Amino acid sequence: MANIPAEPVIDSTLGLLFDGYEFIAKRCDRLHTDIFQTRLRLEKTICMRGKAAAEVFYDTDKFSRQKAAPKRMQKTLLGEGGVQGLDGEAHRQRKQIFMGLMSPERLQQIGELVLHHCREYARQWERQSQVVLFDQINEILCRAVCTWSGVPLAEGDVARRTLEMAALIDSAAALGFRYVQGVQARKRLEAWLGSLVEDVRAGRLQVPENTALAAFAHRHDASGAPLSPTVAAVDLLNVLRPTVAIGRYIVFAALALHQHPECRQRIQAGGGDYTTWFTQEVRRFYPFFPFAAARTRHEFDWQDYHLPEKTLVLLDLYGTNHDASLWEKPEDFWPDRFSHWQDNAFDFIPQGGGDHYKNHRCAGEWLTIEVMNQVLSFLVNELEYEVPPQDLTIRLTKMPTLPESGFVISHVRLKTTP
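All values reported here derive from a predicted model rather than from experimental measurement. Residue positions within a chain follow its written sequence, with the count starting from 1. For this predicted model, a pLDDT threshold of at least 70 governs which residues receive local features, and a threshold of 80 or more governs which side-chain atom pairs are given and counted, while totals over whole chains, interfaces and linings are taken from all residues. The side-chain quantities take in all heavy atoms of the structure and omit both hydrogens and water.

A. Local environment of a nonpolar patch on the surface. A cluster of nonpolar residues, Leu14, Leu17, Phe18 and Leu175, forms a patch on the protein surface that exposes about 460 Å² of accessible area. Among the secondary structure elements, Leu175 is positioned in the loop between helix H8 (158–170) and helix H9 (177–202). Classification of residues uses two cut-offs on accessible area relative to the type maximum, computed with a 1.4 Å probe and protein chains only: under 20% is buried, over 50% is exposed, and between them is partly exposed. Given a relative accessible area of 60%, Leu175 falls into the exposed group. Exposure above 30% relative accessible area and the absence of a salt bridge qualify a residue for a patch, where like charges join within 9 Å and nonpolar side chains (Val, Leu, Ile, Met, Phe, Trp, Tyr) within 5 Å. In these tables, accessible area is a Shrake-Rupley quantity obtained with a 1.4 Å probe, and a residue counts as shielded only by the protein chains included in the view. Any carboxyl oxygen of Asp or Glu within 4 Å of a side-chain nitrogen of Lys or Arg constitutes a salt bridge here. Numbering of helices and strands starts at the N terminus; helices are DSSP runs of H or I of at least 4 residues and strands are runs of E of at least 2.

Rendered as structure tokens:
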């Protein structure tokens, strides 16, 4: 067995903060490898990128998600006791709840809800000198996913709940006050959703059976016991919060339309396939999740390297989506590349890899594509707007990142009123 290449430093935590999304790829390039070892927060960590790395990383016989996510991330982005931290039969059963929500009919419903709210908000935008698209699209997504999930959301609570969900995402890798904001937001959201779960169980609140709130209120865990209200709230929030997170992709899509006007013309021409290619290229090209974490279940050998038991391993999602050995001219924005993509589960992994039902691949990936396609069509075919001078810098050292301005639009006008 060969030794896994090692970064020649005592600890790479500062390097992660300085390099952000490019942390793993830069070191792989420097060491001429797709796997290396280092220390993060003084813990031995193996970092990997590429298709072969993804294939082994999502092998459930070799890797576990238990105790992989940092505690600080569980207190903000993920929550404690949710599906992301489960393995084996417990994970499979819990994942079934999520996947049961992703039928074609339900995906169409969330797309229609988002489109309805886009049109409602656009009528308000027509009366404003300018709007920050990121802030507005987050509210649209929050309204839509709460309705879709059976979660009652009072009009006076829309802005507050949207900001709380956005804080979970923004604080995932934050320090100081941003981190504290995320922790407090999770406590408030879990208390709110936990009380709704209890109301459904007690018959005080009636919701449709095909909604997320009903599903988590009535389902049981692997032992046959009802999910605790706290755990049910965590996983209900794992439907709401990722949907609001799509707002980042939508802002990146708007930025791509602005910087590549020829793509707007292709979408306007009515190419449904091209709209999906564009959506997929946004998800490949722009930074979303930087990497995924897991621990080795036991020691094993892979590609002439030995991986010890219970070792923390990071898979480079962003770097794999920009890997020149997998993607032709990966730093070019080129939607047509997806016209001949073979739908591989391990080379295109913006929201994880592997099988949606068996692995820790995001259950909401199909929902993401549906929502993005609907909003793209709306921005191109139903809305006219200008993009005033602003700071559109995307800092790869900030995780998660976004254009600095949040993407400001002005002189908004609806072309049609469906």
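B. Quick peek at the packing of aromatic side chains. For Phe, Tyr and Trp, rings pair up if their centres lie within 6.5 Å, where Trp contributes its six-membered ring, and each pair is then called stacked (planes under 30 degrees apart), edge-to-face (over 60) or tilted (otherwise). Applying the stated criterion across every chain, the model contains 19 aromatic pairs. Here the aromatic rings of Tyr249 and Phe288 are separated by 4.0 Å at their centres, their planes lie at 15 degrees, and the arrangement is stacked. With Tyr249 in helix H11 (residues 229–259) and Phe288 in the loop between helix H13 (272–285) and strand S5 (291–296), this pair connects stretches of sequence that are 39 residues apart. With a relative accessible area of 0%, Tyr249 lands in the buried category. Since its relative accessible area comes to 10%, Phe288 is described here as buried. Their ring planes at 50 degrees and their centres at 6.0 Å tell us that Tyr286 and Phe333 sit as a pair that is tilted.

C. Structural context of the environment of Glu384. One can find Glu384 in strand S9 (residues 383–386). Taking the C-alpha atoms as reference points, Glu384 and Gln37, 347 residues apart in sequence, are found 50 Å from one another. Contacts are residue-level and defined by heavy atoms, with any inter-residue pair within 4.5 Å sufficient. Beyond its immediate sequence surroundings of up to four residues, Glu384 is in contact with His411, Val412, Arg413 and Lys415.

D. Summary view of the sheet that holds strand S8 (residues 312–316). Sheet architecture is open: 5 strands sit in the order S1-S2-S8-S5-S3, paired in mixed fashion. Two strands close off the open sheet at either side, each with one partner strand: strand S1 (35–40) and strand S3 (63–64). Any two strands between which DSSP finds at least two bridges are classified as paired. The pairing of S1 with strand S2 (residues 43–48) spans 6 bridges and is classified as antiparallel. Counterpart to Phe36 in the pairing with S2 is Cys47. Axis geometry follows a simple rule: fit a line to the C-alpha atoms, using only the stretch in contact for helices, then measure angles between N-to-C directions, giving values from 0 to 180 degrees. Set on the sheet, helix H2 (residues 23–31) makes contact with S1, S2, S5 and S8; between it and S1 the angle comes to about 125 degrees.

E. Inspection of the pattern of salt bridges at higher detail. Applying the stated criterion across every chain yields a total of 31 salt bridges. Between Arg49 and Asp34 there is a salt bridge; the shortest N-O distance is 2.7 Å. With a gap of 15 residues between them, Arg49 in the loop between S2 and helix H3 (51–57) and Asp34 in the loop between H2 and S1 connect regions that are remote in the sequence. A relative accessible area of 12% places Arg49 in the buried class. Through salt bridges with shared partners, a single ionic network connects Glu7, Asp19, Glu22, Lys26, Arg27 and Arg30.

F. How the structure looks around a negative patch on the surface. A cluster of acidic residues, Glu299, Asp301, Asp304 and Glu309, forms a negative patch at the surface. Looking at the secondary structure, you find Glu309 in the loop between strand S7 (305–307) and S8. By relative accessible area, which is 47% here, Glu309 ends up partly exposed. His residues and chain termini do not enter the charge count, which takes Lys and Arg as positive and Asp and Glu as negative. For this purpose, a charge sits on NZ of Lys, CZ of Arg, CG of Asp or CD of Glu.

G. Spatial organisation of the nonpolar core. In terms of nonpolar packing, the biggest core is built from 94 residues, with Trp125, Phe278 and Val282 touching the most fellow members. With residues near it in sequence (within four places) discarded, Trp125 still touches Val131, Leu133, Gln136, Ile140, Phe378, Leu383, Ile409 and Val412. If you look at the next biggest cluster of nonpolar residues, it comprises 20 residues, including Ile35, Ala294, Phe300 and Leu317. In these notes, a set of buried Ala, Val, Leu, Ile, Met, Phe, Trp, Tyr and Cys residues joined through side-chain atoms within 4.5 Å is what counts as a nonpolar core.

H. A look at the pairing of S2. Between S1 and S2, which pair antiparallel in sequence order, lie 2 residues; one of them, Arg41, sits at a positive phi of approximately 55 degrees. Both S2 and S8 contribute to a ladder of 4 bridges, which runs parallel. Note on S8: the bridge partner recorded for Thr45 is Leu312.

I. Region of interest: helix H15 (residues 365–381). One less than the number of residues in a helix, times 1.5 Å, gives the span that helix is expected to have. When the terminal C-alpha atoms of H15 are compared, their 24 Å separation across 17 residues agrees well with the 24 Å that a helix rising 1.5 Å per residue should span. Counting buried residues along H15, 12 of its 17 residues qualify, which places the element largely inside the surrounding structure. Along H15, the residues classified as buried are Glu365, Leu367, Thr368, Ile369, Val371, Met372, Asn373, Val375, Leu376, Phe378, Leu379 and Val380.

J. Examining the sheet that holds strand S10 (residues 408–414) more closely. One open sheet holds the 3 strands; their spatial order is S4-S10-S9, and the pairing between them is antiparallel. Of all strands in the sheet, those bounded by a partner on one side alone are strand S4 (130–132) and S9. Within this sheet the neighbouring strands show an average axis-to-axis angle of 50 degrees, counted without direction. Bridging between S9 and S10 involves 3 bridges; their strand directions are antiparallel. Looking across to S10, one finds that Glu386 is bridged to Ser410.

K. Layout of H11. Under the 1.5 Å per step criterion, the end-to-end length of H11 is 46 Å for 31 residues, consistent within 8% with the ideal 45 Å. Maximal helix bending in H11 amounts to about 25 degrees, located at Asn238; proline Pro242 follows within four positions. Across the 31 residues of H11, 26 count as buried, placing the element largely inside the fold. The quantity called bend is, for any residue, the angle between two axes fitted respectively to the seven residues ending at it and the seven beginning at it.

L. Looking closely at the side chain of Lys95. Among the structural elements, Lys95 can be located in helix H5 (residues 88–100). Here Lys95 is buried and forms no salt bridge, its nearest opposite-charge partner Asp355 lying at an N-O distance of 7.0 Å. The residues touching Lys95, leaving out its near neighbours within four places in the chain, are Val83, His356, Tyr357, Asn359, His360, Arg361 and Ala363.

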